[in-house]
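Structure at a glance
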Amino acid sequence: MSALGIRFVKVMKRYATYVALQGLDLEIEPGTRFVLLGHSGSGKTTTLRLIAGLEEPTSGEIFLGEQKVNQLPPGEREIAMVFQDYALYPHMTVEENLRFGLKRRGVPREEAEQRIGKVLRMLEIEELRRRRPRELSGGQRQRVALARALVKEAPILLLDEPLSNLDARLRLQARRELIELHERLGFTMVYVTHDQVEAMAIGEKMAILERGVLEQVGTPQELYHAPRNLTVAKFLGSPPMNCITVQWDGRGNIFFSEAQFLVALPEDWTRVLEHFPPSPLILGVRPEDCFLHHLPREGNPALPVRVKGIEDLGAEFLVHLDQFTARVKDLPYPFGEELFLSFAWPKVHFFDPRTERTLREEKGESSIHSLLSQAGWAFPLG
Amino acid sequence: MRAKLFFIHAILLSLLIFSLLPLTWMVGVSFKTAKEIFTGSVNPLPHRPTVENYALVMERSPLILYFLNTLKAASLVTGILFVVSIFAAYGFSFFRFMGRDFLFYLFLLSLFVPFHVRMIPNYLLVSELDWVNTPWGIAIPQAANALGVFLLRQGMKTIPRSLVEAALVDRAGHFEILFRVILPLLKPALAALCITFFVNAWNEYYWPLLVVSDKAKYTLPLFLRMYVSEEGGTAWGAMMAASTLVSLPLMVLYLFTQRFIIETYLKSGIKG
């Protein structure tokens, strides 16, 4: 099977009462593992169903490869799909479930049997061949659903929250297997989930959708480290990014009103923000980019904080402070202890509270790159 | 727990007796002599069983002819209703179109129009079509019934939409989806529906009474009525023998299919 790319051009989907997708422009390259991430009602499943042809766009164009598919029924598209509830035909055995689609597609009987055997062996479920879905466990059903999709050897595989009905241990295993299968077979994979950990683990590229709007597309690294807006910043990471409103004085200082404390920004940030008039800003910093000290350090502006609680995660600790959560490796600090909090400044984000957009872009991506490389932080930015 | 179970069984048992009594009475009387029927004994079982009532019925009337007439009409009603209900229910369940639910409820409302309101217009129509005294005349007006569509739609609504979508992705057309995916899952409901339609049509008395005047075209319920004499002197023994013969095929049919019928009505949330 050769992979096919997918392209959305200004696709809008409106139901009677609400707009599920607003002018979506999206390009999925052939052979990628692409994850659509969003809360329920974000439009991620609608996007998937539009690719499958189970929904028709209200306006805009959808291409699979070079072919415009707006009106093409699902059966005529080069796709296979795994449904959230698996949708196995209850009255058919596992092999009949697999055979059904092949027959409809006019695959010769001999080839069909060969393919079925191959897929069942690949997923190690040969012994389930003659069982019916109700005689299978949840994990087995998930495999059969995947087998039914793979046996079609379609260039595009769509998965709608395929692991959400599995328990945590099986989910991890299935996730790994899915990635392996994709590496081996190389189809284009579109994976819908609301689980950001799953999304980052599986996706080579991912798109975050919120209320029918595409917020950002990129590699997991890009989305995690360079969120374009507050929605993306808050979506990824567990625990999520600390987002605190601070007052920018226009002269290189930010004021934490809750802590009643003025912090002088490093020069690099001052340069980024200097054209910005004095106003409230939202400072975003990930828990792992927060550092705790017993004493303020020379040259690294720090904020006095008090320990409110500690969570022991085994390999590390989450320290809950007045407004922040810090993720630290060293021994926990006792409850009530007064400490100083400093940040990995190149990894800090500032957002405009009105537009919720990052202020890094205001100066262009290139300045961010130099800012980061000066500070010795190297990671790819799109 | 045990006491509760006993109580429930006691109620069920008394209900069983109440529903079995008329049936037993019918069968019992059919084996009694005319003299024994009127001697006032309330014992439903005949003192000395006789088959002379049955002999009388078989001898005097073309029972086979009436049986065939009824079978023809009932099969016609069942066949039409079955096909129409399946397709209509599929449309109402899996197609999305403007005014779908409105149409469906409008359709359901037809269940609330009493027979007596439809009787005259239906008769005029049937007579205009020259269907008086024909199986078509008996069957077609009875086949206009929304119950099947309602029950099957209820059944189809329990089938997850994703199953239909999976079939669509598998390149199945609507006929394949209906016959290969939906209907195999609704076998019990379909069986129950068939039986219900068939029994109703088999037992229908009033409508055939209106459209059938030719004795050779009589259905079984009309035939039974011939035993009731308005001037008194009804031959009870013969009548009960005829009744027993008429209900026998249905009882056998029901015996084999009651499991499906009970299941379907339980799932539809209405009482039969």
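Residues numbered from 1 in each chain as written. Chains lettered and ligands numbered in written order. Predicted model: local features only at pLDDT ≥ 70, side-chain atom pairs only at ≥ 80, totals over all residues. Heavy atoms only, no water.

A word on the overall build of chain A
Condition: Segments assigned H or I by DSSP are reported as helices when at least four residues long, segments assigned E as strands when at least two residues long, and all are numbered from the N terminus. Using a 1.4 Å probe on the protein chains alone, a residue whose accessible area is under 20% of its type maximum counts as buried, one over 50% counts as exposed, and one in between counts as partly exposed. Any pair of residues with heavy atoms lying within 4.5 Å of one another is described as a contacting pair. Here, Shrake-Rupley sampling with a 1.4 Å probe gives the accessible areas, and only protein chains in the shown set may cover a residue. Charge counting follows a simple rule: Lys and Arg are positive, Asp and Glu are negative, and His as well as the terminal groups are ignored. The atoms used to mark charge sites are NZ of Lys, CZ of Arg, CG of Asp and CD of Glu.
Across its full length, chain A carries 10 helices and 21 strands. Considering only C-alpha atoms, chain A reaches an extent of 75 × 45 × 40 Å along its principal axes. Residues counted as buried form 54% of the 382 residues belonging to chain A. Across chain A, contacts joining residues at least 24 apart in sequence account for 68% of those joining residues at least 6 apart. Accessible area of chain A: about 17,100 Å², with a carbon and sulfur share of 48%. Counting 48 positive and 52 negative side-chain charges, chain A places the averaged centre of each group 6 Å from the other.

Some thoughts on the nonpolar core
To keep things clear, this is the line we draw: Think of a nonpolar core as a cluster: buried Ala, Val, Leu, Ile, Met, Phe, Trp, Tyr and Cys residues, connected wherever their side-chain atoms sit within 4.5 Å.
Phe8 and Leu158 of chain A together with Ile182 and Phe223 of chain B are the most contacted members of the largest nonpolar core, which has 90 residues in total. Per-element tally for this core: the top contributor is helix α4 (residues 63-94) of chain B, with 11 residues. If you look at the next biggest cluster of nonpolar residues, it comprises 47 residues, including Val82, Val94, Met122 and Leu159 of chain A.

Structural notes on helix α8 (residues 147-157) of chain B
Counting buried positions over the 11 residues of α8 of chain B gives 9, a clear majority of the element. For α8 of chain B, the full list of buried residues reads Leu147, Gly148, Val149, Phe150, Leu151, Leu152, Arg153, Gly155 and Met156 of chain B.

Thoughts on the pattern of salt bridges
Going by this rule: The term salt bridge refers to a pairing of a side-chain nitrogen on Lys or Arg with a carboxyl oxygen on Asp or Glu at a separation within 4 Å.
Within the structure shown, the criterion is met by 28 salt bridges over all chains. The partner of Arg251 of chain A in a salt bridge is Asp249 of chain A, and the shortest N-O contact between them spans 3.8 Å. Members of the salt-bridge network, linked through shared partners, are Lys13, Arg49 and Glu55 of chain A together with Arg96, Arg161 and Glu165 of chain B.

Considering the pairing of strand β2 (residues 19-28) of chain A
Residues and elements named next belong to chain A. Note the cut-off: Only strands joined by at least two bridges in the DSSP assignment are considered to pair.
Examined bridge by bridge, strand β1 (residues 6-14) and β2 share 6 bridges and lie antiparallel to one another. Paired with Lys13 across the strands is Leu21, a residue of β2. With antiparallel pairing between neighbouring strands as the criterion, β1 and β2 make up a hairpin whose turn holds 4 residues.

What about the sheet that holds strand β20 (residues 338-343) of chain A?
Residue and element names in this part refer to chain A. Rules: For helices, the fitted line uses only the C-alpha atoms of the stretch in contact; every axis is such a line through C-alpha atoms, and the angle between N-to-C directions lies from 0 to 180 degrees.
Sheet architecture is open: 3 strands sit in the order β15-β20-β16, paired in antiparallel fashion. One side of each edge strand has no neighbouring strand; the edge strands of this open sheet are β15 (290-293) and β16 (303-306). Pairwise comparison of adjacent strand axes, ignoring direction, gives a mean angle of 40° for this sheet. Pairing between β15 and β20: 4 bridges, direction antiparallel. Note that in β20 the partner of His293 across the bridge is Phe340.

So, the packing of aromatic side chains
How we decide: Pairing of aromatic side chains requires ring centres within 6.5 Å, counting the rings of Phe and Tyr and the six-membered ring of Trp. Pairs whose planes differ by under 30 degrees are stacked, by over 60 edge-to-face, and all others tilted. In our convention, an over-ring charge means Lys NZ or Arg CZ found within 6 Å of a ring centre and within 35 degrees of that ring's normal.
Going through the model one piece at a time under the given rule, you end up with 24 aromatic pairs over all chains. Relative to Phe343 of chain A, the ring of Phe324 of chain A lies with its centre 5.5 Å away and its plane at 40°, an arrangement referred to as tilted. Of the two residues, Phe324 of chain A is situated in the loop between β18 (317-320) and β19 (325-328) and Phe343 of chain A in strand β20; the sequence distance between them amounts to 19 residues. Judged by its relative accessible area of 3%, Phe324 of chain A is buried. Phe343 of chain A sits in the buried class, given a relative accessible area of 3%. Ring-pair connections join several aromatic residues into one group, and the members of that group are Phe256, Phe324, Phe343 and Trp345 of chain A. Positioned over the ring face of Phe104 of chain B is Arg153 of chain B, at 3.9 Å from the centre of the ring.

Such coordinate-based values are descriptive only and should not be taken to indicate function.
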